[in-house]
2 protein chains.
Amino acid sequence: MAHPRRRSARACLVGVVHLVGAGPGAPDLLTVRAAQLLARADIVFHDALIHPDTLALAASAVKVAVGKRCGRHSTAQRFINKRLLDAAAKYDVVVRLKGGDPMLFGRAQEEIDALEAANVRCEIVPGVTAAVAAAATLGTSLTQRGRVRTFALATPRVGDGERANDWINGFRQAQAGAIYMGRKDAANIAASLIGAGMAATTPVAIVVDASLPGVEAHYTTLAQLPAFADCEMSGAALLLVGPQFHRRKSGASANIAEVRAAVRRA
Amino acid sequence: MAHPRRRSARACLVGVVHLVGAGPGAPDLLTVRAAQLLARADIVFHDALIHPDTLALAASAVKVAVGKRCGRHSTAQRFINKRLLDAAAKYDVVVRLKGGDPMLFGRAQEEIDALEAANVRCEIVPGVTAAVAAAATLGTSLTQRGRVRTFALATPRVGDGERANDWINGFRQAQAGAIYMGRKDAANIAASLIGAGMAATTPVAIVVDASLPGVEAHYTTLAQLPAFADCEMSGAALLLVGPQFHRRKSGASANIAEVRAAVRRA
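Conventions and cut-offs
- Residues numbered from 1 in each chain as written.
- Chains lettered and ligands numbered in written order.
- Predicted model: local features only at pLDDT ≥ 70, side-chain atom pairs only at ≥ 80, totals over all residues.
- Helix = DSSP H or I, 4+ residues; strand = E, 2+ residues; numbered from the N terminus.
- Buried ≥ 20, exposed ≤ 12 C-beta atoms within 10 Å, placed from the backbone.
- pLDDT = per-residue confidence, 0-100.
- Contact = placed C-beta atoms within 7 Å.
- Least-squares fit on C-alpha atoms with pLDDT ≥ 70 in both.
- Pairing = 2+ DSSP bridges.
- Axes fitted to C-alpha atoms, helices over the stretch in contact; angles between N-to-C directions.
- Arc of directions from axis to C-beta.
- Domains from an automatic or database assignment.
- Nonpolar A, V, L, I, M, F, W, Y, C, P; charged D, E, K, R; others polar.

### Comments concerning the overall build of chain A
Broken down by element type, chain A carries 9 helices and 10 strands. For chain A, buried positions account for 50% of its 266 residues.

Below you can see the structure in the form of structure tokens.
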């Protein structure tokens, strides 16, 4: 049973809203600062895919799930902004907890702007983004000395006023990159990147649920990527595209084996 | 006085080397997993710019600074690889602590490959990279719905076999990006990006010592960036280039003011 602390008489008139990165999934990949903030949070608005053990750190907070559903993004975002403002008027420590890092594909700007416009103080706690967690799983560095000095982070998800493929050229010109929220669009992504001149043989690694016990890594190429779109993979998937993302000589990642062994021991 | 634990008789024959991201600078932006690993580390090989409070978490470990000096990268890297292997033969828990995330501009691949070739198990703990910490400082999201869906991470630092400017085109084509280790090359970077067709008026934010008490944010444009190269700025600088990196209406970042206020209170 949660017992949120209402604003004390001594406190300032409006609380602080903390936009906090929850990291890639594993609860211990949260930052120390984020863990401390959750422990003293009065209310936590969280995305859909936050780990239950992470939420449990906010022991005395009201928890509000605000995961957005496809097709109703804009309405939902305005509703979230409104709820953050209402909460700041009522509580001292308001946490908006987002998967990964808030400033990468997290729509943080819309929340920051709404809070600033209402003169509500906003603090941002950065987090570990999915791409580096996936790289840790694979044992493959995103940048590579002598080969990859430009790494692109992109998403095919379309917002208001965006053309579907306006990210393709920038991604194609980088030496390697990660595609967030791209699995359902895999066929279109492969065709578009090949159409923009990327070699069909370019290696692609698909990492599902990076950092979690059920983590999966699949290796393919751009040409064969569409076949993977039809496979059964549940969980959040990241596509890594570039010359270094072939299967490593040592076979499956030591990190995957280790995660699973740790789960069996537990 | 450090009392490293030598390998116990029960333990396996070779220790595990953990490549660990120390995050952007502030000790509490370390992950919980990294903090726990440091607490049980026998020996820690660390980069030059790790915060003393972060190192202090490795209370019972031998600490070895292995910061590289310009111009002797390759020799130094081979020497580090050798020291990691030697340590794995002697200790159970070996930590290689790198600023930010190990898989972004951290030369992790060379260490992973050397460990794999010697059959030494290697675990990677991802960290918070400087670009998202800088974004948190500025209150400006790296990706922007409707405007920036491709964000590039790049460095002008040249390794063996690389041409000086082979990162420019990929960076120029992305909708926005961050340049690591680029301050000393600022004049060349600005000229090269403008030469590749990027608008001279493109906003640039320079964030020095992101997440630390002395954090600084400067706003300029590509055309005026060279003037900043001559300024006195100590500390690690990140350049953020893209349409969103203008000074925000609310003035200097609330996060900077907050960090400084916290330091004064301490």
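We are not done yet, so read on.
### As for the confidence of the model for chain A
Residues and elements named next belong to chain A. In this model, chain A carries an average pLDDT of 87, and 82% of its residues clear a pLDDT of 70 or more. A low-confidence stretch, residues 257–266 (pLDDT under 50), is modelled with 6 contacts involving residues beyond four sequence positions or located in other chains. Overall fold confidence (pTM) sits at 0.90, and the ipTM for the predicted complex is 0.90.

### Regarding the relation of the copies chain A and chain B
Screw-axis analysis of chain A against chain B gives a translation of 0.0 Å along the axis, an RMSD of 0.0 Å, and a rotation angle of 180 degrees. The superposition of one copy onto the other is thereby described by a two-fold rotation axis. When you check the interface residues of chain A against chain B, 100% turn up at the interface there too, and the contact is symmetric in its surfaces.

### Things to note about the pairing of strand S2 (residues 43–46) of chain B
Taken residue by residue, a regular strand's side chains alternate between the two faces of the sheet. All names here are of chain B. Alternating positions in S2 separate into two faces, Ile43 and Phe45 on one and Val44 and His46 on the other, with burial throughout. Note: S2 against strand S3 (residues 62–65), 4 bridges, orientation parallel. Its bridge partner lying in S3, Phe45 is registered against Val64. Looking at chain direction, S2 and strand S4 (residues 93–98) are connected through 4 bridges and run parallel. Each bridged residue has a counterpart across the sheet, and for Phe45 the counterpart in S4 is Arg96.

### Observations concerning the sheet that holds strand S7 (residues 176–180) of chain A
Remark on secondary structure: sheet strands pair via backbone hydrogen bonds, oriented parallel or antiparallel. Read from one edge to the other, the open sheet built from 10 strands follows the order S9(A)-S8(A)-S10(A)-S7(A)-S6(A)-S6(B)-S7(B)-S10(B)-S8(B)-S9(B), with strand pairing classed as mixed. Of all strands in the sheet, those bounded by a partner on one side alone are strand S9 (216–221) of chain A together with strand S9 (216–221) of chain B. Ignoring which end each strand starts from, the neighbouring axes of this sheet average 20 degrees apart.

### Description of helix H1 (residues 32–39) of chain A
Every buried residue belonging to H1 of chain A is among Arg33, Ala34, Leu37 and Leu38 of chain A, and all of these are buried. For H1 of chain A, the angular spread of the buried residues around the axis is 135 degrees, confining them to a single face.

### Some remarks on the domain arrangement of chain A
Residues and elements named next belong to chain A. Here chain A is partitioned into domain 1 (16–125) and domain 2 (130–265). In this complex, domain 1 contributes 9 residues to the contact, which on the side of domain 2 involves 12 residues. Residues that form the side of domain 1 that touches domain 2 fall into these classes: 6 nonpolar, 3 polar and no charged.

### Concerning the environment of Asn119 of chain A
Relative to the helices and strands, Asn119 of chain A is located in the loop between helix H4 (108–117) and strand S5 (122–125). Residues Asn119 of chain A and Val14 of chain A lie 105 residues apart in sequence; the distance between their C-alpha atoms is 8.9 Å.

### Quick look at the sheet that holds strand S5 (residues 122–125) of chain B
Residues and elements named next belong to chain B. Read across the open sheet, the 5 strands follow the order S3-S2-S4-S1-S5; overall the sheet is parallel. Every interior strand has two partners, whereas the edge strands, S3 and S5, have only one. Strand-to-strand, the axes of this sheet are offset by a mean angle of 20 degrees, without reference to chain direction. In the sheet, strand S1 (residues 16–21) pairs with S5 via 4 bridges, with the strands oriented parallel. Within S5, the position partnered with Leu19 by the bridge is Ile124. Strands in contact with helix H1 (residues 32–39) are S1, S2, S4 and S5; relative to S1, the strand with the most contacts, it is inclined by about 135 degrees.

### A look at the interface of chain A and chain B
At the junction of the two partners, chain A supplies 59 residues and chain B supplies 59 residues. Counting residues per element, the ones that place at least two in the side of chain A that touches chain B are H1, H4, S5, helix H5 (130–138), strand S6 (150–154), helix H6 (168–173) and helix H9 (254–265) of chain A. Residue composition of the side of chain A that touches chain B, grouped by class: 27 nonpolar, 19 polar and 13 charged. Taken together, the 5 bridges between S6 of chain A and strand S6 (residues 150–154) of chain B define a ladder with antiparallel strand orientation. Across the sheet, residue Phe151 of chain A finds its bridge partner in S6 of chain B, namely Leu153 of chain B.

### Some thoughts on unusual backbone geometry
Positioned with a positive phi, Arg107 of chain A is a non-glycine residue whose angle comes to about 55 degrees. Turning to its location among the elements, Arg107 of chain A is positioned in the loop between strand S4 (93–98) and H4. For Arg107 of chain A, a count of 20 C-beta atoms within 10 Å gives the class buried. Positive phi outside glycine occurs at Asp209 of chain B, with the angle close to 55 degrees. Along the chain, Asp209 of chain B turns up in the loop between strand S8 (203–208) and S9.

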